[in-house]
Amino acid sequence: MDSIGITDPLWLTTFPHRVAPRPEEWLAGVILRCDEANCWNSGTTITHLMRTAGTDADLEQMNLVLPTSSLPLALLAGWLAVPESALISSTYQFELARLYDVPHPHTQLLDMGFSLHVCPLCLDEAQMLRRSLVLPHIRCCPIHHAYLQSSCPCGRSLWRRLFSSQTQPFTCHKCGLAWAKFARQEADPKRVALEQNILTWYSFFFSKGSRMLLARALQLIGRTMEERKITTVKHLNGRSLRVTFSSPEKTTLARLVDVLVSLKLSPEDLEADESPLLWRPLNWQTFYCPIPTCPYTRPDEAGTRREVVK
Amino acid sequence: MTDTPRAPFTVQKVFLETAFEQRFQGILRHAWQNRSWHVIAAAPGSGKSLGIQDLVIRSGAQKNIQGISYLPVLAIRAPKNTAREQALGMAFSAAFGAIPSMVWHARRIWLAAVMAKVQVECIIIDDAQDLTLSQLAFLKELTDNLAAPPHGRQVGLCLVAAHSGNVVPFKETFANPEILWRQFRRRMDTERPYCVVLGQTEEEVRHILTTCEEIYRPQLPHLQLDRWTKPIFTWLTHSVLDPDATGRVTMDHLMRLLTSALRRAYEQGTSDVDAACLEAVAELMILRRDEVTQIDEILSAPPPPTQEVG
């Protein structure tokens, strides 16, 4: 609903100022913009949300990238008079749910150590916290090619200080400096190019992803390493580690993207790959052998030789 | 052929822009446009609250999704049964919609900020005769804060009160020598600080009756009300209904008389009201208005209309 008039019953059930998620905006940014639009201190909206829902979870531990049911987005959607789906779109809930084929993806499927860092230029231009900037391995802004900042020039870290009740939204909890005024440091072009590859992979999985695609990606990694005759890969953090993956549904997306980028593979490689998928039976199966002297099976009471395999 | 039961009589809920409303809204608009302060009094039942409501509805108030809200006319009703300034603050807060809980010192600062942000131009307080001295002091503080930097916003103020006799509300209070009241008095409009808006004259009653003919003609096709202007005006200026001998009619009395008479006529199956019907209702309102009715049976109400299905 674009505009609410004073005769509309929604007038009384919505916040004085409404905000709606913008394309690619992160949920935390929407919540902080709501605080700012309503002249509230940082964290007022989310605290009100948690209190109303009777949730006593720690604000700073609340996952706003893959929110759980303890964060009642439907309530917030009501106060803003926006569809709940619009708020969910400011997280990676839809994308991860489709990719892993589960209704409520576990935060570990994406998260490899979340840390808060912001692009001062995005904030300066449009008070924008992009959701892609919270993805693992992302250290610079793809729009402004500047390093993201995770601490204030005064030395205070933003870690677990997204919402700070005594300060204005989008400001340092210690000195009050606007995040938009944080240091602006041009990123190394090599790093920008690397992160472009990382984001391309994320974008590929988020837009086309399915569990089948995850399985194919794992298969591509296995075959590539076999062809290159390597067992270890130099990861994005610089460390060379042996690559082992379990099943697709347990594979962390951040780690998968790490290995794919480290192996210099592209989504086109995966799309061009037409080799059949590895397969195995889901259940224990019994194979019967009609040859009475078969050396691979054992006779049962009826004299038929069989072996149970997985 | 069967007789179709007549639908129950329907009282039309409309706002009539009567001469009283034009006078009353005129002074409200004057305050809005000139940011002037007035005490506006009128007899109980004149239509003050409806007039305020109509003005607010047509003021263009809206909350849009871009985080911009507009509430040029902020109208509230004075809190009842409490002398605390917080109650007035809560009444103001509620006019904006859903608000998180806030400590009082934070709320009084927030109120000035949000009023500036939604561009309040005029504050109207209905039933202002219920305001206490501490609430008036808070009102002065709030408007002073709005006028001071960083907001720099002058607002009009209308204290709308019901009055009787020759006593104009607040006149004595603001005439007190204390600094607070002298400051309050200084802010009042120079030319019309205290206004008493008079009720309907006989000619104005005629206009209202003519309009009501149009409104109720679908239910009473041969309705001719204007011919009863004189007796209606005489009845409604009887000392029982006009104890201050203003020689004016209030909208509440006029509509009570009309709707009761029209309902009676409709239920009797006629298509117009007659003198007897009007006189009977007037007698009820004037001579028997304090009559106690002993109820020892279930009042017959028309059953809801039923419809055969299938």
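What you see is a predicted model, and the numbers here were worked out from it, not measured in a lab. (Residues numbered from 1 in each chain as written. Chains lettered and ligands numbered in written order. Predicted model: local features only at pLDDT ≥ 70, side-chain atom pairs only at ≥ 80, totals over all residues.)

**Remarks on helix H6 (residues 93-100) of chain A**
Residues and elements named next belong to chain A.
- Taken together, the buried positions of H6 are Gln93, Glu95, Leu96, Leu99 and Tyr100. Seen along its axis, H6 keeps its buried residues to an arc of 165°; they face one direction.
- Those residues of H6 that are buried are in contact with helix H5 (84-88), helix H8 (189-208), helix H9 (211-228) and helix H10 (253-262).
- Two residues or fewer past H6, Asp101 is found with a positive phi of approximately 55°. (Buried ≥ 20, exposed ≤ 12 C-beta atoms within 10 Å, placed from the backbone. Helix = DSSP H or I, 4+ residues; strand = E, 2+ residues; numbered from the N terminus. Arc of directions from axis to C-beta. Contact = placed C-beta atoms within 7 Å.)

**Side note on the domain arrangement of chain B**
Residue and element names in this part refer to chain B.
- We note that the domain assignment places domain 1 (19-197) and domain 2 (202-286) within chain B.
- Centre-to-centre separation of domain 1 and domain 2, based on C-alpha positions: 34 Å.
- Contact with domain 1, which involves eight residues of that partner, is made by eight residues of domain 2.
- Of the residues that constitute the side of domain 1 that touches domain 2, the class distribution is three nonpolar, five polar and no charged. (Domains from an automatic or database assignment. Nonpolar A, V, L, I, M, F, W, Y, C, P; charged D, E, K, R; others polar.)

**Remarks on the sheet that holds strand E2 (residues 62-64) of chain B**
- Ordered by their spatial adjacency, three strands build an open sheet running E1(A)-E2(B)-E3(B), and the pairing between neighbours is antiparallel. Sheet topology places strand E1 (3-5) of chain A together with strand E3 (69-70) of chain B at the edges, where each strand pairs with a single neighbour. (Pairing = 2+ DSSP bridges.)

**A closer look at the pairing of strand E7 (residues 194-197) of chain B**
Residue and element names in this part refer to chain B.
- Because side chains alternate across E7, one face comprises the buried residues Cys195 and Val197, and the other comprises Tyr194 and Val196, none of which is buried.
- Pairing analysis gives four bridges linking strand E1 (residues 37-42) to E7, with the strands arranged parallel. When the sheet's bridge partners are listed, Ala42 is paired in E7 with Val197.

**Quick notes on the domain arrangement of chain A**
Residue and element names in this part refer to chain A.
- As assigned here, chain A comprises domain 1 (10-181), domain 2 (210-265) and domain 3 (283-310).
- Look at where the C-alpha atoms of domain 1 and domain 2 centre, and you get two points 30 Å apart.
- Listed per partner, the contact involves 10 residues of domain 1 and 10 residues of domain 2.
- When grouped by side-chain class, the residues that make up the side of domain 1 that touches domain 2 number six nonpolar, two polar and two charged.

**Points about the packing of H8(A) against H10(A)**
Residues and elements named next belong to chain A.
- Close contact between H8 and H10 brings their axes to 10 Å; oriented N to C, the two are set at 130°. Relative to H10, the element H8 is oriented oblique. Crossing hand, H8 versus H10: right-handed. On the side of H8, the interface is formed by Asn197, Ile198, Trp201, Tyr202 and Phe205, while H10 contributes Leu253, Val257, Leu260 and Val261.
- Among the residues forming the contact of H8 with H10, the class breakdown is eight nonpolar, one polar and no charged. (Axes fitted to C-alpha atoms, helices over the stretch in contact; angles between N-to-C directions. Parallel < 35°, antiparallel > 145°, perpendicular 65-115°, else oblique. Left-handed = near helix turned anticlockwise from the far one by under 90°.)

**Notes on the sheet that holds strand E4 (residues 73-77) of chain B**
Residue and element names in this part refer to chain B.
- Taken in spatial order, the five strands make up an open sheet running E4-E5-E6-E1-E7, and their pairing is parallel. At either margin of the open sheet sits one strand with a lone partner, and together these are E4 and E7. Taking the axes of each pair of neighbouring strands and ignoring which way they run, one obtains an average angle of 20° across the sheet.
- The pairing of E1 with strand E6 (residues 156-162) spans six bridges and is parallel. Note on E6: the bridge partner recorded for Ile40 is Val160.
- Here helix H1 (residues 19-34) sits on the sheet in contact with E1, E4, strand E5 (122-126), E6 and E7, set at roughly 150° to E6.

**Considering helix H2 (residues 48-57) of chain B**
All names here are of chain B.
- Inspection of H2 places Lys48, Gly51, Ile52, Leu55 and Val56 among the buried residues, and these make up the whole buried set. Down the axis of H2, the buried side of the element spans an arc of 135°, and every buried residue falls inside it.
- Residues of H2 that are buried make contact with H1, E1, E4, E5 and E6.

**A short note on the confidence of the model for chain B**
- For chain B, per-residue confidence averages 92 on the pLDDT scale, and 95% of positions sit at 70 or higher.
- In the predicted complex, the global pTM is 0.85; the interface-specific ipTM is 0.87. (pLDDT = per-residue confidence, 0-100.)

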